[in-house]
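Each chain, written out:
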Amino acid sequence: MTYKKIKMNIDFNKNNDGLVPAIIQDASTKNVLMLGYMNEEAFLKTNETKKVTFFSRTKNRLWTKGEESGNYLHLVNIKNDCDNDTLLISVTPEGPTCHKGTDTCWAEDNEPNFGFLSQLEGIIAKRKRMSEVEPELREDKNSYVVSLFDAGMNKIAQKVGEEAVETVIEAKDDNADLFLNESADLLFHYLILLKAKGYSLKDIVEVLEKRH
């Protein structure tokens with residue numbers, strides 16, 4: 001992504017110390033990585049070098065993230081809020097962001113999140129693990145998803161094919177409710193197929209990004 005120098009009206013005088021909060025967000029995953037503070041000089045240096053630079057209150061000087069560790073935050077975009085006193089900075093992180101070695105300062109993995117679909121992937125993963133347990137020891141002995149994993153790859157792939165055909169059939173009609181329900185069935189079974197093959201939505205998104 002080509003970065004263009006940013007000119008914006010930032011109210012550095014709102015606080016007595018001349019600093020504004022800078023929220024750092026991964027441009028790809030949209031996860032919040034850390035919070036830092038910038039004065040005008042830090043903002044200008046960030047704009048110039050394309051590496052996020054803060055004003056360190058403990059060191060009392062400008063501090064480019066990664067200057068010692070090499071874990072730079074490469075600038076993608078900067079947005080100012082409605083009051084011109086808080087920055088949202090999109091970055092591409094090089095390595096972990098937190099000084100403790102974690103991806104974020106909240107000790108979270110900086111993984112893509114697709115909202116409910118990611119929750120659904122988590123449920124499917126749990127069902128897959130359950131299918132690896134002896135039937136008499138399973139918590140849920142009537143799980144449809146577990147039964148698909150029990151049946152094996154051919155059955156799972158067959159279900160995806162069936163749902164794809166039904167989706168195509170409904171696409172040729174004008175019943176929105178039936179089309180959306182068949183589409184949901186197709187996506188659901190596709191997520192099961194991905195998990196059965198050892199992949200996830202993240203892997204598919206990476207392929208699409210490479211094509212873009």
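As a reminder, the structure under discussion sits directly above these lines.
Residues numbered from 1 in each chain as written. Predicted model: local features only at pLDDT ≥ 70, side-chain atom pairs only at ≥ 80, totals over all residues. Heavy atoms only, no water.

Draft legend 1. Main features of the overall build of the protein chain. Summing up its helical and strand segments, the protein chain has six helices and six strands in all. The secondary structure elements of the protein chain, listed N-terminal to C-terminal, are β-β-α-β-β-β-β-α-α-α-α-α. Taking 17 Å as the expected radius of gyration for a compact globule of 212 residues, we find that the protein chain reaches 24 Å, considerably beyond that expectation. With the C-alpha coordinates aligned to their principal axes, the bounding extent of the protein chain is approximately 65 × 45 × 30 Å. The buried share of the protein chain, reckoned over its 212 residues, is 34%. Contacts in the protein chain between residues at least 24 apart in sequence constitute 48% of all its contacts with a sequence separation of at least 6. (Helix = DSSP H or I, 4+ residues; strand = E, 2+ residues; numbered from the N terminus. Rg over C-alpha atoms; globule rule 2.2 N^0.38 Å. Buried < 20%, exposed > 50% of the residue type's maximum accessible area, 1.4 Å probe, protein only. Contact = heavy atoms within 4.5 Å.)

Draft legend 2. Quick peek at the pattern of salt bridges. One pass over the structure, following the stated rule, counts seven salt bridges. Here Lys128 ties to Glu132 by a salt bridge, and the two come within 3.3 Å at their closest N and O atoms. A network of salt bridges, in which partner residues are shared, links Lys159, Glu162 and Glu163. (Salt bridge = Lys/Arg side-chain N within 4 Å of Asp/Glu carboxyl O.)

Draft legend 3. Up close: the pairing of strand E4 (residues 61–64). Here strand E3 (residues 53–56) pairs with E4 via four bridges, running antiparallel. If you follow Ser56 over to E4, its bridge partner there is Arg61. (Pairing = 2+ DSSP bridges.)

Draft legend 4. Inspection of the layout of surface pockets at higher detail. One number sums up the size of the largest pocket: a volume of about 490 Å³. Listed by contribution, the elements that provide at least two residues to the lining of the largest pocket are strand E2 (32–38) and E3. Here the element with the most residues in the lining of the largest pocket is E2; it accounts for four residues. The residue inventory of the lining of the largest pocket, partitioned by class, reads nine nonpolar, eight polar and five charged. Lining the second largest pocket are Ala27, Ser28, Thr29, Asn110, Pro112, Asn113, Phe114, Lys202, Val205, Glu206, Glu209 and His212. Tallied by class, the residues present in the lining of the second largest pocket amount to four nonpolar, five polar and three charged. (1 Å grid on protein atoms, 1.4 Å probe; cavity = no way out; pocket = protein on both sides within 12 Å on 5 of 7 lines; lining within 4 Å. Points joined across faces, edges and corners; volume = space filled by probe spheres on them. Nonpolar A, V, L, I, M, F, W, Y, C, P; charged D, E, K, R; others polar.)

Draft legend 5. Just the side chain of Thr53, in detail. For Thr53, the position within the fold is in strand E3. Look at Thr53 and you get buried, because its relative accessible area is 0%. Apart from the residues lying within four places of it in its own chain, the contact partners of Thr53 are Met38, Ala42, Lys45, Thr46, Leu62, Trp63 and Thr64.

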